[in-house]
Amino acid sequence: MALQSLDIIRRSATTLPAPQARGAHAGEVAKLIDVTKCIGCKACQVACMEWNDLRDEVGTCTGHYDNPHDLSDQSWTLMRFAEYENPKGDLEWLIRKDGCMHCADPGCLKACPSPGAIVQYANGIVDFHEENCIGCGYCVTGCPFNVPRISKKDHKAYKCTLCSDRISVGLEPACVKTCPTGAITFGSKEAMQQHAAERIEDLKSRGFDQAGLYDPAGVGGTHVMYVLHHADQPQLYSGLPENPKISAMVGLWKGISKPLGLLAILATAAAGFLHYVGIGPNETDEGDEEAARRELEKTP
Amino acid sequence: MTNHWVDIKNADLILIMGGNAAEAHPCGFKWVTEAKAHNKAKLIVVDPRFNRSASVADVYAPIRVGTDIVFLGGLINHLLVNDKIQHEYVLNYTDMSFIVKDEFAFNEGLYSGYNADKRSYDKSSWDYVFGEDGYVKTDPTLKHPRCVYNLLKQHYARYTVDMVERVCGTPKDKIALIWDMIASTSTKDRVMTIMYALGWTQHSIGSQNVRSGAMVQLLLGNIGIAGGGMNALRGHSNIQGLTDIGLMSDLLPGYLTLPKQDEQDYKAYLAKRTQKPLRPNQMAYWQNYPKFHVSLMKSWWGDAATADNNWCFDYLPKLDKPYDMLQAYELMNQGKMNGYICQGFNPLASAPNKGKLVSAFSKLKFMVSMDPLETETISFWQNHGALNDVDPSKIQTEVFRLPTTSFAEENGAIVNSSRWLQWHWKGAEPPGEARSDIEIMSELFHRIKAMYVKDGGAYWDPIRDLAWKYSNPEVPTPEEIAMEYNGKALADVHDPKDATKLVRKAGEQVAGFAELRDDGSTACGCWIYAGAWTQAGNQMARRDNSDPSGIGNTIGWAWAWPANRRVMYNRASCDTSGKPFDPKRKLIAWNGKTWGGVDVPDFSPTSDPEDGMGPFIMNPEGVARFFARGGMAEGPFPEHYEPFDTPLAKNPLSPEQPLTLNNPIARVFQSDLAQIGKPDEFPHVATTYRLTEHFHFWTKHGLLNSITQPEQFVEIGEALAKELGIPNGSRVRVSSKRGHIEAVAMVTKRIKALQIDGKTVHQVGIPIHWGFLGAAKPGYLANTLTNAIGDGNSQTPESKCILVKVEKA
C-alpha cells in the first residue's frame, strides 16, 4: 500500500474504516490556476505527460489550438481556448487549463460502486486507484466537470492525480513546477485563497470588475481553483459550469435508490422465507413433467 | 538586449511589438508577468494578430504587417508635438543639438545622393557641420533650423494620426490610447521597455524598424535605465553568440568588420575604424579598435602574425559584396557556387523561397549537413509527393550527413538574449556516431592542411600559419576554445601610464579588454568576451544569484559581455551631475571620486561628471544618434517604405515618387524581383511566425511537441472565411508568387480585416513549423511562400510580409 494511502478520509463503495494513521497536518492543499496569467503555452500538458509517462496520439488540427482535442486516459490535463468579444468590442482569448477539480465533495467518489477505486486523502486530493476500478463509467456520470475518461485499452478510469505521488514527498505538482508565468501555483488552500485575493485586487484595478475566485460551493469547494477575469460568467471559459452540482442520478443512486434497493432485496428474501414457512416449497407434478418432455421433443 | 530578461520586471510599461514574447519566449515572458504583478506594469501588444502575448495584455492593437515605421513615426511626432520627451536626457545625451549640413535633403521618400542605377546613396551629405576645432557644431537652444531636433520634427510631421490609421489600419482610438500610455514614461520616474524580435527584423526595412523603436526610447529617456531599453528577443538560444563571434559574413568576432575590396591598405583599414571624438572630452571607445584587431590576429595566426606583415592582414578576405545566405543561394542558383557545408542549419525550411532553394541545391556538386537531426535541407532531393515534388533522378548533388552532438551532449557556453554567457555541462553522451562540431571542423582542417602539404597549392599561407595550440590537436575542447576567446598575455603587459607597473604576466589570461594591446603582446579571440575566463577561472560557470539591491542585477550569475555589464549605457540612468534620475532604479552613481553601484559602469570609472563625457561611449559623439549619419543604408531617419509584396499601388508617405514604393536600397536580385506578388493576383496580406508548442523545425521530430500541435494550419479571420466560404477546420490552399501550400484553416476572431487606404485588407497568419520529415503530421514548408528580398543593412530576408491568395483546397 502506498504511503499516501495511509491518510484516506473517504473510499468509494465501502463502509470499512480507511487507514488514517497519517494526517494532513499542514492543512488541505490547493492548486490555483490564474487564468488571467496563463499564456496557453501547454508546458503543463507536456510536464503532465512526462511525469506520468503518458503519450497521447499525434492528432489532427480541427481549427482550434486545443490539442489533444479532449481529455483522455493519456491526457489528464489540457488547455481549452475560447475567443470572447467583450461588450466593449475588445477581444479576449480565454485560455483555461482543464482537468480534475479535486472537489471537497467528489461526485465521482460518490458514484463509484467499486470498493476503494476512488479515494480522498486528508489533504483533499481525490485519487483513482485503478487496480480497483471495474470500468463502469459511473464516475464520469458523477463528475460535474466532465473530467474522468475510460481507457479504451484497459477499460479503467483515469484523471489528474494532482500529482499525489509528488506531493506525498514534498514536491509541487509537475504542472506547477513547469508553468513559466507562475499562472499555476500550489500550497495550502488558505494560502491559495489569499494569493487569489491579491490577484483579484490587481485585476479589478485593470478594469475587470467581476474578477473573482472559482471555488464552487455546490461541490463543497474544490482543491483546484481558478482566478477568472469574469467570475460572474464562468461558462465563457470553454463551458466551466456556473454552479456545478453532483448529478441527481448520483444522488438517487447513493441517496434514495441504495436504501430502497437494499429494502427490495430484503423484502424479496422475506417474501421467499414467508412463502416457504406459510405455504411450503413449490413442487412439480406429472402434468408439468409431461409438458416439459413435449417441449424437448419439438426441438430439432 | 540593451538590458536583460530579469530587468523587465522593473518596467512600468511594456511594449511588445514586432515580437510575440509569450508565444516564442514563454520562459522569458515570466518577467513581464512579474512586472505586472509587482510593479503594476501595463502591457501593450501591437501585432497583426491577437496572439498569446495579447491574451494577457492590457491593451492590444492590430497593425498591417510591414508598417511599423508609420506607427512609430507617428508616435515620434506625437511625442515631439506634445513635448512628451525627457528634456534633460534628450538635450545632454543625444545629438538633438547637432547641426547638419545644408546639403542634406529629403524629398518624397528619397534622401540626397540617391543613385537609382546602383540602388544606393552617396552619403556624403548625411553629416554634421564641423567647426574649425574639428568638432561638430551644436546649438543647445535647439533653435537652429538645421539642428537634428528641428530636422527630426520636420521629418515626422507627415506621420499624423490620420496617416497612421490609413497605412497601418490601426483604429484611431487605440492609437491615441497607446501613444498616451507610452508618453507617460517621458517622466524621470516612469520607464517603458520595448520587446521585439523577428517581427521587426525580417523586413526589407527591418533595421530601420528597430532604429525607430530606439528613437522612441531615446525621446522618452528610457535607454540605459533599469526597466527600459531596446530588447531584442533572440529566436535561437545561441543566436546572440552567432553575431558576437562574427559569423555574419561581413563581421569579425566582437563586431569588428572585415575589410572591403578597396581596403587593401592596413593602415587605412584601421584608421577608418579608429574613430576620433567628434565632441570635446568624449571617450570614442572605438579608438581602441587596433588593440582588439591585433589581438584577434595574434589569436588566429600566433607567431606568424607580426608587425612587419601587418599582423597577417593579407590573410583576411576582402569583400566585394556581403556573402550572406541570400547571396550564397543566389550564387548557387546561378551555378557559381557549387559546394555547400551546411552546419547546424536547415535553410530549405528556414530560408525564404523554398522553390529557389531546391533549384539552387540541385545545381550543387556536393552538400554536407552537420546536424543532430535529419533535416529537410539534406533531404531536398527526396520526393515527398506534393510536399516536396522533385525528381531525384534529375538531381546530381552528392549529399553527406555528419551527425553532430546537440547542445545537451557537450560542454560550452550559450549566449542568451541578455548577453549572458552561461556555461553548461554535458547532460548525456551523444548517440551513435555523432561527433561535436569542433571535432568535425578540426578534422576537416587537418585533412585540408595535409593535402596542401602533400600537393601544395596557391596561397595556402592562412591555413599553414593558423595557430592550433590545443592539447589534443584532433579534438580541441570547449574549455580551450573559451580560454582562447577570452585572451591572454603573450608577453608581460605593462600599464601605459606607468611602465614599471605590471598589468598582466606573460601567459596569464587577461581580466578584460582593457588589458589588450596593439603591439602583439596579447591574443584575444573575441574582445567583447574578454573577462569570461580569467585567471580566476571560468566566469561563465558562476551561479551566484544573490541580488542585494532587489533590482535583479545578479552580477555573480554567469557572465555578461561586455565586462560583465548587465545594463548597457547605464551612465545614462544618471543626470549630468551623476545622480540617478530615479533613485528607486539606481544602477550606478557618481560618489565624488568614482562611478559604482550594482552594475558595472558603462563609462570611464573615474570620469568626473563635470568633464562632460557623454554616456554613449561607443559613438564618437559621446551621445546617442537620432541622425544616423552614414550608419544606415536607407538614410539618417527611418522612413516608411512598403513591403515588396504590397497591397498598395503607391506609398502613402511619398505618393509622387514611384522609386520609393519599396525600400529604394533593399538588396534585391533580379530573379527575386521577377517573383514579386501583385495584389490583383494575390489579394491577401500574410505573415509567418512561430507557435509556442514548437521550436523552428526541430521539435516536429519530438513526440510531445507533435502531440500538442500536430498538424499544419493557417489562421484566417472570420470575415475572409465568410467571403470565401471556408468553414473552420476545412483545408485551404494558400499561394504566393513563389509557390503554394495547403493546410487546415483555423477561422478566428483574432485576425480582423483592416481598412487600408480606403480598402479592406485581410491578413492571414502562417505558422512555420511543419515539413516533410518528423513525428508531426507531414506538412508544407511555409517558406515556399516567402520571398528573398533582403534588408539593405543586414540582408535579413523579408519573410514577414507576403501577398497571398487563399482559396478552398
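Everything numeric here is computed off the predicted structure, so don't read it as measured data.

### A few points about the overall build of chain B
For step 1, the next point in the chain: Helix and strand counts for chain B stand at 21 helices and 33 strands.
For step 2, the next point in the chain: Taken over the C-alpha trace, chain B has a radius of gyration of 26 Å; the compact-globule value for 809 residues is 28 Å, and the two agree within 12%.
For step 3, the next point in the chain: Considered along the principal axes of its C-alpha atoms, chain B spans approximately 85 × 70 × 55 Å.
For step 4, the next point in the chain: Expressed as a percentage of the 809 residues in chain B, the buried residues total 52%.

### Notes on the overall build of chain A
For step 1, the next point in the chain: Counting secondary structure elements, chain A contains eight helices and eleven strands.
For step 2, the next point in the chain: Along the longest, intermediate and shortest principal axes, the C-alpha atoms of chain A span 90 × 50 × 40 Å.
For step 3, the next point in the chain: In chain A, which comprises 300 residues, the proportion classed as buried is 42%.
For step 4, the next point in the chain: Sequence separation of at least 24 residues holds for 61% of the intrachain contacts in chain A that already meet a minimum separation of 6.

### Details of unusual backbone geometry
For step 1, the next point in the chain: Of note, the amide linkage connecting Asn67(A) to Pro68(A) takes the cis form, showing an omega dihedral of -10 degrees.
For step 2, the next point in the chain: In this chain, Trp561(B) is followed by Pro562(B) through a cis amide linkage whose omega measures -10 degrees.
For step 3, the next point in the chain: Considering the arrangement of structural elements, one finds Pro562(B) in the loop between β23 (559–560) and β24 (588–590).
For step 4, the next point in the chain: One non-glycine residue, Trp311(B), lies in positive phi territory at about 55 degrees.
For step 5, the next point in the chain: Mapped onto the elements, Trp311(B) comes out in the loop between α12 (289–301) and α13 (325–333).

### Thoughts on the sheet that holds strand β6 (residues 126–128) of chain A
Residue and element names in this part refer to chain A.
For step 1, the next point in the chain: Taken together, the three strands give an open sheet; going across it, the order is β1-β5-β6, and neighbouring strands pair in antiparallel fashion. A strand with exactly one partner marks an edge of an open sheet, and here the two such strands are β1 (8–11) and β6. Between one strand axis and the next, the sheet turns by 30 degrees as a mean value, whatever way the strands run.
For step 2, the next point in the chain: Of the pairings in the sheet, the one linking strand β5 (residues 118–121) to β6 comprises three bridges and is antiparallel in character. Among the inter-strand pairings, Gln120 is bridged to a residue of β6, identified as Val126.

### Quick look at the packing of helix α3 (residues 68–81) of chain B against helix α9 (residues 206–219) of chain B
Residues and elements named next belong to chain B.
For step 1, the next point in the chain: The N-to-C vectors of α3 and α9 enclose an angle of 20 degrees; their axes lie 9 Å apart at closest approach. Between α3 and α9, the crossing angle belongs to the class labelled roughly parallel. α3 and α9 meet at a crossing whose hand is left-handed. Across the interface between the two elements, Asp68, Ile69, Leu72, Gly73, Leu75, Ile76 and Leu79 from α3 touch Gln208, Asn209, Ser212, Gly213, Met215, Val216 and Leu219 from α9.
For step 2, the next point in the chain: Within the contact of α3 with α9, the residues separate by chemical class into eight nonpolar, five polar and one charged.

### Re helix α16 (residues 437–455) of chain B
For step 1, the next point in the chain: Here α16(B) is 19 residues long and its end C-alpha atoms lie 27 Å apart, about the 27 Å a rise of 1.5 Å per residue gives.
For step 2, the next point in the chain: One or two residues past the end of α16(B) sits Gly456(B), with phi positive at roughly 75 degrees.

### With respect to the pairing of strand β2 (residues 42–46) of chain B
Residue and element names in this part refer to chain B.
For step 1, the next point in the chain: In terms of burial, β2 is largely enclosed, as four of its five residues are buried.
For step 2, the next point in the chain: Examined bridge by bridge, β2 and strand β3 (residues 59–61) share three bridges and lie parallel to one another. Bridging across to β3, Val45 finds its partner in Tyr60.

### With respect to the sheet that holds strand β32 (residues 763–767) of chain B
Residue and element names in this part refer to chain B.
For step 1, the next point in the chain: Around the barrel, which closes on itself, the six strands sit in the order β26-β32-β27-β29-β28-β33 with mixed pairing between neighbours. Looking at each pair of strands side by side, their axes are set apart by 45 degrees on average, direction ignored.
For step 2, the next point in the chain: Bridge count between strand β28 (residues 731–736) and strand β29 (residues 739–748): six bridges; the pairing is antiparallel. In the sheet register, Ser736 faces β29, and the bridge partner there is Gly739.

### Quick notes on the packing of α3(B) against helix α7 (residues 172–183) of chain B
Residues and elements named next belong to chain B.
For step 1, the next point in the chain: Viewed as axis vectors pointing N to C, α3 and α7 meet at an angle of 55 degrees, and their least axial separation amounts to 10 Å. Taken together, the axis directions place α3 and α7 in an arrangement best described as oblique. For the crossing formed where α3 meets α7, the hand is right-handed. Facing α3, whose interface residues are Leu75, His78 and Leu79, α7 presents Trp179, Ile182 and Ala183.
For step 2, the next point in the chain: A per-class count over the contact of α3 with α7 returns five nonpolar, one polar and no charged.

### Some remarks on the interface of chain A and chain B
For step 1, the next point in the chain: Tallying the contact residues gives 30 residues for chain A and 35 residues for chain B.
For step 2, the next point in the chain: Taken together, the elements giving at least two residues each to the side of chain A that touches chain B come down to α1 (43–51), β3 (77–85) and β4 (91–99) of chain A.
For step 3, the next point in the chain: With four residues, α1(A) is the largest single contributor of residues to the side of chain A that touches chain B.
For step 4, the next point in the chain: Residue composition of the side of chain A that touches chain B, grouped by class: twelve nonpolar, ten polar and eight charged.

### Brief notes about the nonpolar core
All names here are of chain B.
For step 1, the next point in the chain: If you look at the biggest cluster of nonpolar residues, it comprises 242 residues, and the most contacted ones within it are Ile14, Val148, Val714 and Ile716.
For step 2, the next point in the chain: Sorting elements by how many residues they give to this core places α3 first, with seven residues.
For step 3, the next point in the chain: Residue contacts for Ile14: discarding those within four places in its chain leaves Ile8, Val32, Ala35, Ala41, Leu43, Ile44, Thr193 and Met195.
For step 4, the next point in the chain: Counting 39 residues, the second largest nonpolar core, distinct from the first, contains Leu296, Phe313, Ala413 and Val415.

### Examining the pairing of strand β15 (residues 412–415) of chain B
Every regular strand shows the same layout, with side chains that alternate between the two sheet faces.
Residues and elements named next belong to chain B.
For step 1, the next point in the chain: Pairing between β15 and strand β16 (residues 420–424): four bridges, direction antiparallel. Residue Ile414 lies in a different strand from β16, and its bridge partner there is Gln422.
For step 2, the next point in the chain: The antiparallel pairing of β15 with β16 creates a hairpin that spans four residues between the two strands, and Arg419 there sits at a positive phi of about 70 degrees.

### Remarks on the environment of Glu263(B)
Residues and elements named next belong to chain B.
For step 1, the next point in the chain: With respect to the secondary-structure elements, Glu263 resides in the loop between β11 (256–257) and α11 (266–273).
For step 2, the next point in the chain: The exposure class assigned to Glu263 is partly exposed, which follows from the 18 C-beta atoms found within 10 Å.
For step 3, the next point in the chain: Placed 55 residues apart in sequence, Glu263 and Lys318 show a C-alpha to C-alpha distance of 7.2 Å.
For step 4, the next point in the chain: Leaving out residues up to four positions away in the same chain, Glu263 has contacts with Ala268, Tyr269 and Lys318.

### Some points on α12(B)
All names here are of chain B.
For step 1, the next point in the chain: Here α12 spans 18 Å end to end across 13 residues, near enough to the 18 Å set by a 1.5 Å rise per residue.
For step 2, the next point in the chain: In terms of burial, α12 is largely enclosed, as 13 of its 13 residues are buried.
For step 3, the next point in the chain: Downstream of α12 by one or two residues, Gly302 has phi in the positive range, about 50 degrees.

### Describing the environment of Ile395(B)
Residues and elements named next belong to chain B.
For step 1, the next point in the chain: In this structure, Ile395 sits in the loop between β13 (366–371) and β14 (398–403).
For step 2, the next point in the chain: Separated by 290 residues in sequence, Ile395 and Ala105 place their C-alpha atoms 52 Å apart.
For step 3, the next point in the chain: Excluding residues that lie within four positions of it along the chain, Ile395 makes contacts with Ser362, Trp381 and Val390.

### Observations regarding the environment of Ala307(B)
Residue and element names in this part refer to chain B.
For step 1, the next point in the chain: Following the sequence through the fold, Ala307 ends up in the loop between α12 and α13.
For step 2, the next point in the chain: Residue Ala307 is classed as exposed on the basis of its C-beta count, with 10 C-beta atoms lying within 10 Å.
For step 3, the next point in the chain: In this structure, the C-alpha to C-alpha distance between Ala307 and Asp518, residues 211 residues apart in sequence, is 9.4 Å.

Conventions adopted
Residues numbered from 1 in each chain as written. Chains lettered and ligands numbered in written order. Predicted model: local features only at pLDDT ≥ 70, side-chain atom pairs only at ≥ 80, totals over all residues. Helix = DSSP H or I, 4+ residues; strand = E, 2+ residues; numbered from the N terminus. Rg over C-alpha atoms; globule rule 2.2 N^0.38 Å. Buried ≥ 20, exposed ≤ 12 C-beta atoms within 10 Å, placed from the backbone. Contact = placed C-beta atoms within 7 Å. Pairing = 2+ DSSP bridges. Axes fitted to C-alpha atoms, helices over the stretch in contact; angles between N-to-C directions. Parallel < 35°, antiparallel > 145°, perpendicular 65-115°, else oblique. Left-handed = near helix turned anticlockwise from the far one by under 90°. Nonpolar A, V, L, I, M, F, W, Y, C, P; charged D, E, K, R; others polar. Expected span 1.5 Å × (residues − 1). Core = buried A, V, L, I, M, F, W, Y, C linked by C-beta atoms within 7 Å.

On their own, these measurements won't tell you what the molecule is for.
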